[in-house]
Amino acid sequence: MKRLALALLPLLFPLTAAAREDTFDVHVHVEDGEASIRAYLAQAQASKRDVARFGGMLMAKAGEPARTRQRNDDLIRLVSKYPRMLPIASVHPHDGDAALAEIDRLAALGIRAIKIHPLTQGFDVTDPRVSALCERAGEAGIVVMIDNAGIIPGDNEKLLNLAVRNSKTRFLFTHIGGMNFRYWNLIALLRTAKGYFYDNIYFDVSATVTLVADSPLEGEFIWTLRNIGIDRITLGSDHPQISLDQSLDALAKLDIGEEERTKIRSANASILFGAEQD
């Protein structure tokens, strides 16, 4: 295992800032391993989209800790063949101590992000095991990505309280609340509450941006992005459900400045995941 860690650390973030217009897609599902990666890259190439980096993520199943470790290792090994991929591993909160041990192991291998999903994985965000997992990830410097599509009742409220309880953990909430995105304007007020909110929440706009661009809600969506802070917003496609081409087209339609667009398209994710330091 030490050999694996030493071999992979230089590969996790091999690309530095480029002169070209970069795209960092933080949200790509690669459940079928290399086949998923090849399909994603082929689709991007066919649509003439230049992807500098992308986050390839798995989803762990409960009660299969050995299988979870194996799948995480398989994902990490693929970085040597696909160096543009940021490996986003997964654990299941219901695995308790085994999940915490996997967090420690992943951190030792240089992993910088994990993905968990209340709906797909079947857990409640208020479960103490979820908070324990997020706390351990924060201690290890790992970003915790959690689905925030607004499908589960109380989604936004539960996630906010999780982030408040784990103030030393950086969270990336995907889909920015879905069609309940307005809730997150609350962050502008939370910043005024001294000692309560530690500004540890980031978002990706995957899926939601394709619905609101050029819609009657676009103005409110942009207002929300700016209240949250453009520096906290990242781009995701949610491939294979939604293509990178669709996501970039939607981002291009938003009535925002080019500097804001560049931050969302790549710069913010590079900072969040530490890619600009490699």
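Preceding this section is the structure that the text describes.
Procedures and definitions
- Residues numbered from 1 in each chain as written.
- Predicted model: local features only at pLDDT ≥ 70, side-chain atom pairs only at ≥ 80, totals over all residues.
- Heavy atoms only, no water.
- Helix = DSSP H or I, 4+ residues; strand = E, 2+ residues; numbered from the N terminus.
- Contact = heavy atoms within 4.5 Å.
- 1 Å grid on protein atoms, 1.4 Å probe; cavity = no way out; pocket = protein on both sides within 12 Å on 5 of 7 lines; lining within 4 Å.
- Points joined across faces, edges and corners; volume = space filled by probe spheres on them.
- Pairing = 2+ DSSP bridges.
- Axes fitted to C-alpha atoms, helices over the stretch in contact; angles between N-to-C directions.
- Core = buried A, V, L, I, M, F, W, Y, C linked by side-chain atoms within 4.5 Å.
- Buried < 20%, exposed > 50% of the residue type's maximum accessible area, 1.4 Å probe, protein only.
- Arc of directions from axis to C-beta.
- Salt bridge = Lys/Arg side-chain N within 4 Å of Asp/Glu carboxyl O.

(A) Just the environment of Leu272, in detail. With respect to the helices, strands and loops of the structure, Leu272 is situated in helix α12 (residues 258-272). For the pair Leu272 and Arg77, spaced 195 residues apart in sequence, the C-alpha to C-alpha distance is 23 Å. Those residues in contact with Leu272 that lie beyond four places of it in its chain are Val143, Arg170, Leu172 and Tyr202.

(B) Summary view of empty space enclosed by the protein. Per the stated rule, a full pass over the model turns up 1 cavity of 30 Å³ or more. In this structure, the largest cavity occupies an estimated 60 Å³ of space. For the largest cavity, the full set of lining residues is Pro65, Thr68, Arg69, Val91, His92, Asp95, Ala98, Ala99 and Glu102. Of all elements in the fold, only α3 (65-77) and α4 (97-108) reach the threshold of two or more residues within the lining of the largest cavity.

(C) A look at the sheet that holds strand β1 (residues 24-29). With parallel pairing, 3 strands are arranged side by side in an open sheet as β1-β2-β3. Strand pairing shows two members of the sheet lacking a second neighbour, β1 and β3 (85-88), which therefore form its edges. For this sheet, the mean angle separating the axes of adjacent strands, direction not counted, is 25°.

(D) Structural detail: unusual backbone geometry. Each neighbour pair has its own omega, and for His239 with Pro240 the value is 10°, a cis peptide bond. Counting through the fold element by element, Pro240 comes out in the loop between β8 (233-234) and α11 (244-253). Not every positive phi belongs to a glycine, and Lys48 is a case in point at roughly 60°. Among the structural elements, Lys48 can be located in the loop between α2 (34-46) and β2 (53-57). In this model, Asp238 sits at a positive phi of 70°, which is unusual for a non-glycine residue. Assignment of secondary structure puts Asp238 in the loop between β8 and α11.

(E) Geometry of the environment of Ile256. Relative to the elements of secondary structure, Ile256 occurs in the loop between α11 and α12. Between the C-alpha atoms of Ile256 and Ile222, which are 34 residues apart in sequence, the distance is 7.5 Å. Not counting residues up to four positions away in its chain, the partners in contact with Ile256 are Ile222, Arg226, Leu251, Arg261 and Ile264.

(F) Summary view of the nonpolar core. In terms of nonpolar packing, the biggest core is built from 67 residues, with Ile114, Phe173, Ile176, Phe203, Phe221 and Leu225 touching the most fellow members. The dominant element in this core, judged by the number of residues it contributes, is helix α7 (residues 155-165), at 5 residues. Residue contacts for Leu225: discarding those within four places in its chain leaves Ile176, Val205, Ile230, Ile233, Leu254 and Ile264. Phe24, Val143, Leu172 and Phe273 belong to the second largest nonpolar core, which has 14 residues in total.

(G) Local environment of α11. Taken residue by residue, α11 has Leu244, Ser247, Leu248, Ala250 and Leu251 as its buried positions. Along the long axis of α11, the arc covered by the buried residues comes to 160°, so they all point the same way.

(H) Representation of the pattern of salt bridges within the structure. Considering all chains together, one arrives at 18 salt bridges under this definition. One salt bridge connects Asp245 with Arg49, and the closest N-O pair in it is separated by 2.8 Å. Here Asp245, found in helix α11, pairs with Arg49, found in the loop between α2 and β2; they are 196 residues apart in sequence, far enough to count as distant. One network of salt bridges, in which partners are shared, links Arg49, Asp245 and Asp249.

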